Amino acid sequence: MSTKTRGMLMLVFVNVMWGLSFIFSKTALSEGMPAMTLAFWRYVLTAVMMVPLCLKTEGGIRLGKWAPRALLTTLLGITVYFYFEYSGLLRTTASAASLILALVPMLTLLFRVVFCRERISRVRWFAVVLSLVGAYFVIMTDGSEGAGTLAGNLLMVCACLCWTGYILTTPPLMEACSSMRVSTWQAVAGAVTLCPFALAEKSDWVSVSPMAWLCIFLLAAVCSALCYVLYNDAIRFVDTLSVSLTINLNPVAACIGGALLLGETMTSLQLAGGIAIILSMVVDTLETSGVLSKKRG
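Presented here is an overview of the structure given in this document. (Residues numbered from 1 in each chain as written. Predicted model: local features only at pLDDT ≥ 70, side-chain atom pairs only at ≥ 80, totals over all residues. Heavy atoms only, no water.)

Below, the discussion takes up the overall build of the chain. A count of helical and extended segments in the chain gives 14 helices and zero strands. Its helices and strands in sequence order give the chain the pattern α-α-α-α-α-α-α-α-α-α-α-α-α-α, from N to C terminus. Taken against the 2.2 N^0.38 rule, which gives 19 Å for 297 residues, the C-alpha radius of gyration of the chain at 19 Å falls within 12% of a compact globule. Across its three principal axes, the chain shows a C-alpha extent of roughly 65 × 50 × 35 Å. (Helix = DSSP H or I, 4+ residues; strand = E, 2+ residues; numbered from the N terminus. Rg over C-alpha atoms; globule rule 2.2 N^0.38 Å.)

What follows is the structure, given as structure tokens:
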């Protein structure tokens, strides 16, 4: 198995779990957990799990001269990102929130084309458009919750911009440091930087159910601890646009998770959109690996 294929498989798993994280987060928020308090406890538990493992395997978590860049990625990918995501989830549906993240490939592409003057093939343009169309179809449902509010959707657009920045700023850090060390450092820094926001919500703290704490544990152990290590390892071997395209698995997993765990229905249009999203990933992978270009030649 090639490193690109292994990286893509890890990204598929990670993004399916991140899709389900919308379900876990929405459940915890609906139980009365304030947004930034939820994010804080998520990363406190993540740090508690990862620090001992990192100390055992890496001998420490210090990043030396790379600490400033790691702090930047923490702010983009954790602190500010979750402020916008969880604030958005309070005002919109999990499905609508997951759809907004489908903007990431286009934003990443536009950044590279405009600022890096990069050229990409028509096939890759097609893959990006197909993924966006598929993500749109996934959301076109007559679910009982209805469409998300404008405010919630705009907050998710801001989260989308943060994640685009994370994708673009993380690769140099991953080339210099191990994914375990970086992920652990980010978890600790994330808990620290989220703490003031959580304390600001102290007046909103209420007693929540065991289900909410179970969701927080799943968010910490799987969606953060495991997935960030896999994600940071995968982006060593997969190009930026392919990484951003896999984000489109989020709405698929969110809709399926909503159907199985929350009793939501999934329309035939959503199913077609999910197929389109997966097809866009296949097309992009074949193009970047040279399979399609050889056939055209």
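This brings us to the environment of Cys162. As for its position among the elements, Cys162 is in helix 7 (residues 150-169). When the C-alpha atoms of Cys162 and Phe237 are compared, they prove to be 22 Å apart, with 75 residues separating the residues in sequence. Among all residues touching Cys162, those that are not within four sequence positions of it are Leu76, Val80, Tyr81 and Phe84. (Contact = heavy atoms within 4.5 Å.)

As a further point, take the side chain of Glu85. Structurally, Glu85 is set in helix 3 (residues 67-89). One buried charge, Glu85, has no salt-bridge partner; the nearest side chain with opposite charge is Arg42, at 5.3 Å. Reaching out from Glu85, the side chain makes a polar contact with the side chain of Tyr81 at a distance of 2.5 Å. Those residues in contact with Glu85, other than ones at most four positions away along the chain, are Phe22, Met156 and Ala159. (Buried < 20%, exposed > 50% of the residue type's maximum accessible area, 1.4 Å probe, protein only. Lys, Arg positive; Asp, Glu negative; His and termini not counted. Salt bridge = Lys/Arg side-chain N within 4 Å of Asp/Glu carboxyl O. Polar contact = N/O pair within 3.5 Å; in protein donor to acceptor, adjacent residues only side chain to side chain.)

Before going further, it helps to examine a nonpolar patch on the surface. Nonpolar side chains collect at one region of the surface, where Leu110, Phe111, Val114, Phe115 and Trp125 lie side by side and expose about 490 Å² of accessible area between them. With respect to the helices and strands, Phe111 occurs in helix 5 (residues 103-115). Judged by its relative accessible area of 35%, Phe111 falls in the partly exposed class. (Patch = residues over 30% accessible without salt bridge, like charges linked within 9 Å, V, L, I, M, F, W, Y side chains within 5 Å. Areas by Shrake-Rupley, 256 points an atom, 1.4 Å probe, with all protein chains shown as cover.)

This paragraph deals with the pattern of salt bridges. Inspection of the entire model under this criterion finds two salt bridges. Across the salt bridge formed by Arg6 and Asp233, the nearest N and O atoms sit 3.8 Å from each other. With Arg6 in helix 1 (residues 3-30) and Asp233 in helix 10 (residues 210-234), this pair connects stretches of sequence that are 227 residues apart. A salt bridge links Arg181 to Glu58; the nearest nitrogen and oxygen atoms lie 3.9 Å apart. With Arg181 in helix 9 (residues 179-200) and Glu58 in helix 2 (residues 35-58), this pair connects stretches of sequence that are 123 residues apart. Owing to a relative accessible area of 18%, Arg181 belongs among the buried residues under this scheme.

In this section: the packing of helix 2 against helix 9. Close contact between helix 2 and helix 9 brings their axes to 7 Å; oriented N to C, the two are set at 150°. If you check the angle between helix 2 and helix 9, you find them roughly antiparallel. By crossing handedness, the relation of helix 2 to helix 9 is classed as left-handed. A class-by-class count of the residues in the contact of helix 2 with helix 9 yields 18 nonpolar, six polar and two charged. (Axes fitted to C-alpha atoms, helices over the stretch in contact; angles between N-to-C directions. Parallel < 35°, antiparallel > 145°, perpendicular 65-115°, else oblique. Left-handed = near helix turned anticlockwise from the far one by under 90°. Nonpolar A, V, L, I, M, F, W, Y, C, P; charged D, E, K, R; others polar.)

In total, this model carries 13 aromatic pairs according to the counting rule given. Grouped by ring-pair contacts, the aromatic residues Trp18, Tyr43, Tyr81, Phe82, Tyr86, Trp163, Tyr166 and Tyr231 constitute a single cluster. (Phe/Tyr/Trp six-rings, centres within 6.5 Å; stacked < 30°, edge-to-face > 60°.)

Function-wise, these values are silent; they only describe arrangement.
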